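Next come the chains, spelled out residue by residue.
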Amino acid sequence: MTASAPTLDVVAIGNAIVDVIARSDDAFLAQHALTKGGMQLIDADMAETLYADMGQAKEISGGSAANTLAGLAALGKKCGFIGQVNDDQLGAVFAHDVHALGIRFDTPAVQGDIPTARCLILVTPDAQRTMNTFLGASQFLPEAALDLDMIRSAGILYLEGYLWDPAQPRAAMRAAIEAAHEAGRKVAFTLSDNFVIDRHRADFIDLIEQGLIDILFSNEGEIQSLAQVDDFDAALARFADKVPVLVSTRSEKGAVAIVDGVRHEAPAAPVAQIIDTTGAGDLFAAGFLAAHIDGRSVEDALALGAAAAAEVISHWGARPEEDLGVIRDKLFA
């Protein structure tokens, strides 16, 4: 059966999180036994303790997949988001921010005492971000909350690995993958973090082996962790013939994409000063997907991904502040 033309470019399923960002130092991280540069899940008590000890903070709606949609929307793409918030203050903040970007977000908020998720992000002077995530309501996204018609209407279904951890959203994402493929759509998946891979490596490899992932995003460490090897090229080779589009970022070393078995490389985009690396991978995915949707070359997709990532690491927060459309037009002029 021939798939109908999509009415949305990308629908993403992810954690609906509000980021709380503050400056910090190594001593503070050590005091709270936090692993610098990583992401850990915390409970409600730890979230309250850490928030109380943090310095002056800035609240910005975040979540990996939602950040990617923010970049895609800024590049003119039609997007939808599926994620769970509570009917509380941060839930209202998240919904407002997503709607303000022109992104469809219709998932009903839940009532009760499980609050909207938040990520407490500590940024050290070297621009490394240490993320401490309380998943709250986001981890209780049920399959019943899926808008299957919206999923079927999008050219690409985008999933974040972070949300694979809780049982309910994991079941929901499996159902979403099935619905997307039945409608002839592509499925993109981001590995998210090494700790997620350690917990769900077998699941992720199974998805890849079954041919359920059409576009896979990772960074260098994540793809090596998934393959359980220390060599980057060996890790890529492990999955290159199993995923039509395999993309891996390498920080200042640029990025690599293997598309239909052909390897492409691009350098990192220049940045005058790195302020905060939060969201770099999310915005890289946004730039890459936007160019991919437009039918541009792999080299162009890598270049736009790098440019979007460079923009977001040049300021605090994981959402773009400069006009990504202007950046794109200058890049491809």
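Residues numbered from 1 in each chain as written. Predicted model: local features only at pLDDT ≥ 70, side-chain atom pairs only at ≥ 80, totals over all residues. Heavy atoms only, no water.

### Regarding the sheet that holds strand S7 (residues 117-123)
For sheets, the rule is that strands pair by backbone hydrogen bonds, running either parallel or antiparallel. Test applied: Here, any two strands with at least 2 DSSP bridges between them count as paired. Runs of H or I in DSSP of at least four residues are treated as helices and runs of E of at least two as strands, each being numbered from the N terminus. To get an axis, fit a line to the C-alpha atoms, keeping to the stretch in contact for a helix; angles then go from 0 to 180 degrees between the N-to-C directions.
Overall, mixed pairing links the five strands, which are arranged S3-S8-S7-S2-S4 in an open sheet. Each edge of the open sheet is held by one strand with a lone partner, namely strand S3 (39-41) and strand S4 (57-62). Averaged over all pairs of adjacent strands, the angle between strand axes in this sheet comes to 20°, irrespective of strand direction. As paired elements, S7 and strand S8 (residues 129-134) share six bridges and run antiparallel to each other.

### So, the side chain of Asn 132
Stated precisely, the cut-off is as follows: In protein, a polar contact means a hydrogen-donor-capable atom and an acceptor-capable atom, both N or O and within 3.5 Å, with residues adjacent in sequence counting only if both atoms are side-chain atoms; elsewhere, any N or O pair within 3.5 Å suffices. Working rule for contacts: check all heavy atoms of both residues, and any pair within 4.5 Å makes them a contact.
With respect to the helices and strands, Asn 132 occurs in strand S8. Within the local environment of Asn 132, its side chain forms a polar contact with the backbone oxygen of Thr 130, the two atoms lying 3.5 Å apart. If we ignore the near neighbours within four places in the chain, the residues touching Asn 132 are Leu 34, Gln 40, Ile 42, Leu 50, Arg 118, Cys 119, Leu 120 and Leu 122.

### A closer look at the packing of aromatic side chains
Basically, it comes down to this: Note on aromatic pairs: the rings of Phe, Tyr and Trp (six-membered ring only in Trp) are paired at centre separations within 6.5 Å, and the planes decide the class, stacked below 30 degrees, edge-to-face beyond 60, tilted for the rest. Classification of residues uses two cut-offs on accessible area relative to the type maximum, computed with a 1.4 Å probe and protein chains only: under 20% is buried, over 50% is exposed, and between them is partly exposed.
Inspection of every chain in the model, using the stated rule, returns nine aromatic pairs. Consider the rings of Trp 164 and Phe 189, whose centres lie 6.0 Å apart with planes at 80°: the pair is edge-to-face. Here the residue Trp 164 occupies a position in the loop between strand S9 (154-160) and helix H6 (167-182), and Phe 189 occupies one in strand S10 (residues 186-190), the gap between them amounting to 25 residues. When its relative accessible area of 0% is taken as the criterion, Trp 164 is described as buried. One aromatic cluster is present, built from ring pairs that chain together Phe 81, Phe 94 and Phe 105.

### So, the pairing of strand S1 (residues 8-13)
For S1, the tally of buried residues reaches five of six residues, placing the bulk of the element in the interior. Where S1 lies against S9, five bridges are found, and the strand directions are parallel. By the bridge assignment, Val 11 is partnered in S9 with Leu 157. Two strands pair when backbone bridges link them, and S1 and strand S5 (residues 79-82) are joined in this way by four bridges, in the parallel orientation. Paired with Val 10 across the bridge in S5 is Cys 79.

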